[in-house]
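# Observations on chain architecture
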There are 4 protein chains.
Amino acid sequence: MSQKKQQIIWTAAKLIHAKGYESTKLSDILAACGIGKGQFYHYFTSKRELGLAIVDHYAQMWQDELIEGILKSGRSPERKMEEMLQWAIQFHETPEKLHGCPFGNLALEMSEHDEDFRVKINRIFSDWIEELTQVIEALQGEKQARQKARMVVAQIEGAILLMKNNQDSEVLLDIIDGIRQEYISS
Amino acid sequence: MSQKKQQIIWTAAKLIHAKGYESTKLSDILAACGIGKGQFYHYFTSKRELGLAIVDHYAQMWQDELIEGILKSGRSPERKMEEMLQWAIQFHETPEKLHGCPFGNLALEMSEHDEDFRVKINRIFSDWIEELTQVIEALQGEKQARQKARMVVAQIEGAILLMKNNQDSEVLLDIIDGIRQEYISS
Amino acid sequence: MSQKKQQIIWTAAKLIHAKGYESTKLSDILAACGIGKGQFYHYFTSKRELGLAIVDHYAQMWQDELIEGILKSGRSPERKMEEMLQWAIQFHETPEKLHGCPFGNLALEMSEHDEDFRVKINRIFSDWIEELTQVIEALQGEKQARQKARMVVAQIEGAILLMKNNQDSEVLLDIIDGIRQEYISS
Amino acid sequence: MSQKKQQIIWTAAKLIHAKGYESTKLSDILAACGIGKGQFYHYFTSKRELGLAIVDHYAQMWQDELIEGILKSGRSPERKMEEMLQWAIQFHETPEKLHGCPFGNLALEMSEHDEDFRVKINRIFSDWIEELTQVIEALQGEKQARQKARMVVAQIEGAILLMKNNQDSEVLLDIIDGIRQEYISS
DNA sequence: TATGAATGAGTGTTCATTCAT
DNA sequence: CATGAATGAACACTCATTCAT
């Protein structure tokens, strides 16, 4: 993939993360990238195609950083859990404004009226729950490990939603702390 | 408030719950209500004002059904918890399509670029957490009751998000079941 | 149908007759009508819908003037033939530029890639040939009357094409004269 | 002329015959030819120049096949007439879809707003009528031979228009049959 | 009160043409 | 000779809002 196309994806990903897919107008993307309409449509056939490419871009990032880099690493389950929580904090605390989870945002905005988006996003959550189930099994045994994994993922996504709505990262930190107590410290 | 205005709010609330605020066009609302533009602008000065009225409408519903009707009722904390979980299930399982939580949806769509929406929505979540803290204190003591309340609310909202993205209510039921075990059955 | 809608159809019909469907841009129509985009889309859902309305408009005109007014009138077959030829001349000679037959033009431009246009236009030609067959039967007997009707219609349409391409109405007058000799004068 | 340039003309001619000049996009032509933009603009300065080259290409084909090969051949006038009619049938019956006469199509699409196209196309029709006049003189004497030639050409072009609009070659065959009876069989 | 005609800035998209390599 | 990235004006269409009646 050409460098320019990558740059468009990255730049647009940031905008869409911050403002949402529909609210981010093509003209915003064009202005942010410093390109013209023609150049955009040289690389993408539509705004929707760019949107799907952005989901893929984030999916790859999660696969590399979270799934492969943490949950499937050779480290101890306690460390995996801890690093996952750290990763969640660092990912969502950084930006000036608290934009929320890129997948969570798109999940709510797109998944009901665009099946391609839904499937791509769903795959991320499924993989995450799947790998987390393994970690929780190692920590607390097989019993209800899958349910627990779902609960943790739901808790993190819900915490990010509350944080975004509260515009204060303290909520996220507090809930993450609660999860840590349940699976690591105790 | 006139009956007609109420009917517009209810009808529009359903549409916006299903399709989102931006995606629901004024013409959709007009058609669903069977009214003309003039009548709409007689009752509301803008689409945004309607949106805020819808948030108030849902807020009132939550206040009545969840806060007053359940969490502040005279029943035992166990029953309060159980009824809250039942209420969450019934609220999100019913619609043909799984549209998600009206507040969660609007929280993600609106709260970052419209402060009025954010504040109204945030108030709901705050009240919910506040009252749930009381219930959890009664169940498990004061220690970290507020953190636990946040975690439960986050879990429910996150569960609804996962459910919506999975288009299958099983996820929600499973996670609710996990919460029940933690606070009631055990 | 509202007066404004009629006016848009008439004005656009003239433009499209002169320049063709695709070459006539919406902005041309808007400028010629002195209206804005919003007003246009208040009356029509698309440019294509306007195009079909224009075909209907011309079809009605032909039905009234040619089919009912001439071919199905109570006059003698010779007079019917003569009036039809006069009508063809007057219809195509008048405009400053020789724009050709509105149906012939649209037939060639649209009929291959838009079935709705094709069917509407085809109906006109079919009706014309049908009624002309009756007239020719009255003039020269049943034998091959239908074939002769087809030939006359083809001749007129072909003559208009040659005239348009030659930008000189003499070709049309000459060919019409030939038809007259064959069916009336002799 | 280079072989590549010829190939572009032939390929584009087929596309434009089928879809029309405006509707055939440069990208369609490029894709069909398997070449890039640079190569196209090396051979042609614009799409319009290609269009004019295509008219020349068809004109040459008609000159060779119809004018020289049939109407100016040494054969009898009856055979010339018969071969001309056969040629018309074979030319328009073959393609899967009935695209109509390449000149007739372009005549209606282009001749009114592009003088260069009009003149080129008009020359073809003029030459055709001129040579056919000679043939008809040989068949039926000088009287009104030119008018008759015009009528036959108009009839053929009109028949092709009706055929295209009816999407059925039977109309063309029927009309050609009528011409045959008038000039050969009788 | 209520209608629906009218507005106009803005949307995503197209496409012949240019130009650096 | 040839590529394909880049341009930018134009296109059909949308929609919240206004306004004459």
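Residues numbered from 1 in each chain as written. Chains lettered and ligands numbered in written order. Predicted model: local features only at pLDDT ≥ 70, side-chain atom pairs only at ≥ 80, totals over all residues. Heavy atoms only, no water.

- The name given to chain A in an unreviewed UniProt entry is TetR/AcrR family transcriptional regulator, with the source organism recorded as Halobacillus kuroshimensis.

## Some remarks on the relation of the copies chain A and chain B
- Rotating chain A by 179° about the axis while translating it 0.1 Å along that axis superimposes it on chain B, leaving an RMSD of 0.2 Å. Look at the turn and shift together and you get a two-fold axis relating the two.
- Here 98% of the interface residues in chain A have copies in chain B that are interface residues too; the copies meet face to matching face. (Least-squares fit on C-alpha atoms with pLDDT ≥ 70 in both. Contact = heavy atoms within 4.5 Å.)

## Comments concerning the packing of aromatic side chains
- One pass over the full model with this rule turns up 28 aromatic pairs over all chains.
- Ring centres of A:Tyr21 and A:Phe117 lie 5.6 Å apart, and the angle between their planes is 65°; this geometry places the pair in the edge-to-face category. Separated by 96 residues along the polypeptide, A:Tyr21 in the loop between helix H1 (3-19) and helix H2 (26-33) and A:Phe117 in helix H7 (residues 115-140) bring together distant segments of the chain. Residues A:Tyr21 and A:Phe117 agree in their burial class; the two are buried.
- Pairing D:Tyr58 with D:Phe103 gives two aromatic rings, centres 6.1 Å apart and planes at 70°, and the pair type is edge-to-face. Taken as a pair, D:Tyr58 in helix H4 (residues 47-71) and D:Phe103 in helix H6 (residues 102-110) lie far apart in primary sequence, 45 residues in all.
- Three or more aromatic residues joined by ring pairs make a cluster, and in this case those are A:Tyr58, A:Trp62, A:Trp87, A:Phe103 and A:Trp128.
- Above the face of the B:Tyr21 ring, B:Lys47 is positioned so that its terminal group lies 4.6 Å from the ring centre. (Phe/Tyr/Trp six-rings, centres within 6.5 Å; stacked < 30°, edge-to-face > 60°. Helix = DSSP H or I, 4+ residues; strand = E, 2+ residues; numbered from the N terminus. Buried < 20%, exposed > 50% of the residue type's maximum accessible area, 1.4 Å probe, protein only. Lys NZ or Arg CZ within 6 Å of the ring centre and 35° of its normal.)

## Concerning the interface of chain D and chain C
- Contacts between chain D and chain C engage 41 residues on the former and 41 residues on the latter.
- Taking both sides of the interface into account, the surface hidden between chain D and chain C amounts to around 3800 Å²; carbon and sulfur atoms contribute 50%.
- For the pair chain D and chain C, the interface holds 6 salt bridges.
- A salt bridge links D:Arg150 to C:Asp174, with the nearest nitrogen and oxygen atoms 2.8 Å apart.
- Elements with a minimum of two residues in the side of chain D that touches chain C: H6, helix H7 (115-140), helix H8 (145-166) and helix H9 (170-185) of chain D. (Buried area = accessible area lost by both parts, 1.4 Å probe. Salt bridge = Lys/Arg side-chain N within 4 Å of Asp/Glu carboxyl O.)

## Looking at the packing of helix H8 (residues 145-166) of chain B against helix H9 (residues 170-185) of chain B
All names here are of chain B.
- At their nearest, the axes of H8 and H9 sit 8 Å apart, and the two run at 160° to each other. Taken as axis vectors, H8 and H9 run roughly antiparallel relative to one another. At the point where H8 passes H9, the crossing takes the right-handed sense. Between H8 and H9, the residues in contact are Lys-148, Val-152, Gln-155, Ile-156, Ala-159, Ile-160, Leu-162, Met-163 and Asn-166 and Val-171, Leu-172, Ile-175, Ile-176, Ile-179 and Tyr-183, respectively.
- Looking at the contact of H8 with H9, its residues break down into 12 nonpolar, 2 polar and 1 charged. (Axes fitted to C-alpha atoms, helices over the stretch in contact; angles between N-to-C directions. Parallel < 35°, antiparallel > 145°, perpendicular 65-115°, else oblique. Left-handed = near helix turned anticlockwise from the far one by under 90°. Nonpolar A, V, L, I, M, F, W, Y, C, P; charged D, E, K, R; others polar.)

## Points about the pattern of salt bridges
- For the coordinates displayed, the defined rule picks out 58 salt bridges over all chains.
- As a salt-bridge pair, A:Glu131 and A:Lys72 come within 4.0 Å of each other at their nearest N and O atoms. With A:Glu131 in helix H7 and A:Lys72 in the loop between helix H4 (47-71) and helix H5 (77-93), this residue pair connects regions lying 59 residues apart in the sequence.
- Under the relative-accessibility criterion, A:Glu131 is labelled buried at 16%.
- Judged by its relative accessible area of 45%, A:Lys72 is partly exposed.
- Where B:Lys72 meets B:Glu68, a salt bridge forms, and the shortest distance between an N and an O atom there is 4.0 Å.

## Considering the UniProt feature "domain: HTH tetR-type" (unreviewed entry) in chain A
- If you check UniProt for "domain: HTH tetR-type" (unreviewed entry), the listed places come out as residues 2-62 of chain A in our numbering.
- Note that residues 2-62 of chain A is 79% helix and 0% strand, and that its end C-alpha atoms are spaced 22 Å apart. (UniProt positions renumbered as here; feature names shortened; annotations may be inferred.)

## Details of the packing of H5(A) against H7(A)
All names here are of chain A.
- At a minimum axis distance of 9 Å, the contact between H5 and H7 shows a crossing angle of 140°. With respect to H7, the element H5 is oriented oblique. The handedness of the crossing between H5 and H7 is left-handed. From H5, Pro-77, Glu-78, Lys-80, Met-81 and Met-84 reach across to H7, where they touch Trp-128, Leu-132, Val-135, Ile-136, Ala-138 and Leu-139.
- Classifying every residue of the contact of H5 with H7 gives 9 nonpolar, no polar and 2 charged.

## Remarks on the relation of the copies chain D and chain C
- After a rotation of 179° and a shift along the axis of 0.1 Å, chain D superposes on chain C with an RMSD of 0.2 Å.
- When the interface residues of chain D are mapped onto chain C, 98% of them again fall at the interface, so both copies present the same face.

## Quick word on the protein's contact with DNA strand E
- Not every one of the 26 residues close to DNA strand E is listed here, only the nearest: A:Lys37, A:Tyr41, B:Gly38, C:Gln39 and C:His42.
- Here a base oxygen of DNA strand E sits 3.5 Å away from a polar atom, N or O, in the main chain of B:Gly38.
- C:Tyr43 has a polar side-chain atom sitting 2.8 Å from a phosphate oxygen of DNA strand E.
- When residues of the surface near DNA strand E are traced back to their parent elements, those giving at least two are H2 and helix H3 (37-43) of chain A, helix H3 (37-43) of chain B, helix H3 (37-43) of chain C together with helix H2 (26-33) and helix H3 (37-43) of chain D. (Near = heavy atom within 4 Å. Polar contact = N/O pair within 3.5 Å; in protein donor to acceptor, adjacent residues only side chain to side chain.)

## Remarks on the interface of chain A and chain B
- With 41 residues of chain A in contact, the opposing surface of chain B contributes 41 residues.
- Summing both partners gives a buried area of about 3800 Å² for chain A against chain B, and 50% of it is carried by carbon and sulfur.
- Three residues, A:Leu108, A:Glu112 and A:Asn165, lead the burial of chain A against chain B; their summed loss comes to 21% of the area buried on that side.
- Summed over the shared surface of chain A and chain B, the result is 6 salt bridges.
- For the pair chain A and chain B, the number of links is 24 residue pairs in polar contact (both at pLDDT 80 or more).
- For the side of chain A that touches chain B, the secondary-structure elements that each account for two or more residues are helix H6 (102-110), H7, helix H8 (145-166) and helix H9 (170-185) of chain A.
- When residues in the side of chain A that touches chain B are grouped by element, the largest group, 14 residues, is from H8(A).
- Grouping the constituent residues of the side of chain A that touches chain B by class yields 16 nonpolar, 15 polar and 10 charged.

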